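Structural features, examined
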Amino acid sequence: MNQAEMLARLGREAQFDCFLLAGRYTLLEQRPLDGLLPLCVERGISIFTGGVFNSGVLADPEATPNYNYEAAPPEVIDRARRIAEVCRRHDVPLRAAAVQFPLGHPAVASVLTGARSPAEIEENVRLLDVDIPAQLWADLKLAGLVREDAPTP
């Protein structure tokens, strides 16, 4: 689903092994920390995160980025650019931080990335191997770009 509230409701009312959460637990959005993700840890429900680039704005906020499948609003582009700047200061590709961030949460079992070609699949796999210093995550939190309570890889 593209929203966490219904998944949290389902997780409270029935037995599930896993959920696919698309675009809601990313460098731009961490609201699932308020309900869904703690519930998943408590109930042993694995999360597969999709849409970690938020429809493209976290892949390249300097292009004509999309967010939630439409043109990104200026405030989202600005936030993505600020995240990208922190990544640049640490010599880390924004895309690598976007792919790796969700994996810091204990409920997240896997990250799904969209790809239009075999080359994009290979690139996404390489992004998982990029060494990201702990200070990058700390700087994102200090700047208010990532929630303080968000676990990081």
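A brief report on the enclosed structure follows. (Residues numbered from 1 in each chain as written. Predicted model: local features only at pLDDT ≥ 70, side-chain atom pairs only at ≥ 80, totals over all residues. Heavy atoms only, no water.)

With a phi close to 65°, Ser 55 is a non-glycine residue in the positive phi region. Looking at the element boundaries, Ser 55 is found in the loop between strand 2 (46–50) and strand 3 (66–67). Although it is not a glycine, Asp 91 adopts a positive phi angle of roughly 55°. Positionally, Asp 91 belongs in the loop between helix 3 (74–89) and helix 4 (94–100). (Helix = DSSP H or I, 4+ residues; strand = E, 2+ residues; numbered from the N terminus.)

Moving on, we get to helix 2 (residues 36–43). Those residues of helix 2 that sit buried are Leu 36, Leu 37, Leu 39 and Cys 40. Buried residues of helix 2, seen end-on, are gathered within an arc of 160° and therefore sit on one face of the element. Next to the buried residues of helix 2 lie helix 1 (4–13), strand 1 (18–22) and strand 2. Positive phi appears at Gly 44, one or two residues downstream of helix 2, with a value of about 70°. (Buried < 20%, exposed > 50% of the residue type's maximum accessible area, 1.4 Å probe, protein only. Arc of directions from axis to C-beta. Contact = heavy atoms within 4.5 Å.)

Right, let's talk about the nonpolar core for a bit. One finds Leu 27, Leu 36, Ile 47, Val 57, Leu 58 and Leu 140 to be the most contacted residues of the largest nonpolar core, which totals 46 residues. Considering every element that reaches this core, the biggest residue donor is helix 3, with seven residues. Those residues in contact with Leu 58 that lie beyond four places of it in its chain are Thr 26, Leu 27, Leu 28, Val 52, Phe 53, Ala 80, Leu 94, Arg 95 and Ala 98. (Core = buried A, V, L, I, M, F, W, Y, C linked by side-chain atoms within 4.5 Å.)

In spatial order, the strands read 1-2-5; together these three strands make up an open sheet with parallel pairing. Whereas interior strands pair on both sides, the edge strands pair on one side only; in this sheet they are strand 1 and strand 5 (108–111). Taking each pair of neighbouring strands and ignoring which way they run, the sheet shows an average axis angle of 25°. Across five bridges, strand 1 lies against strand 2 in parallel orientation. When the sheet's bridge partners are listed, Cys 18 is paired in strand 2 with Ser 46. (Pairing = 2+ DSSP bridges. Axes fitted to C-alpha atoms, helices over the stretch in contact; angles between N-to-C directions.)

Quick look at the packing of helix 3 against helix 6 (residues 134–142) now. The contact between helix 3 and helix 6 brings their axes to 10 Å, and the two run at 145°. In this structure, the crossing between helix 3 and helix 6 has a hand that is right-handed. Facing Ile 83, Val 86 and Cys 87 of helix 3, the residues of helix 6 in contact are Leu 136, Asp 139 and Leu 140. Among the residues making up the contact of helix 3 with helix 6, the classes are represented as five nonpolar, no polar and one charged. (Left-handed = near helix turned anticlockwise from the far one by under 90°. Nonpolar A, V, L, I, M, F, W, Y, C, P; charged D, E, K, R; others polar.)

Read these as spatial facts, not as claims about activity.
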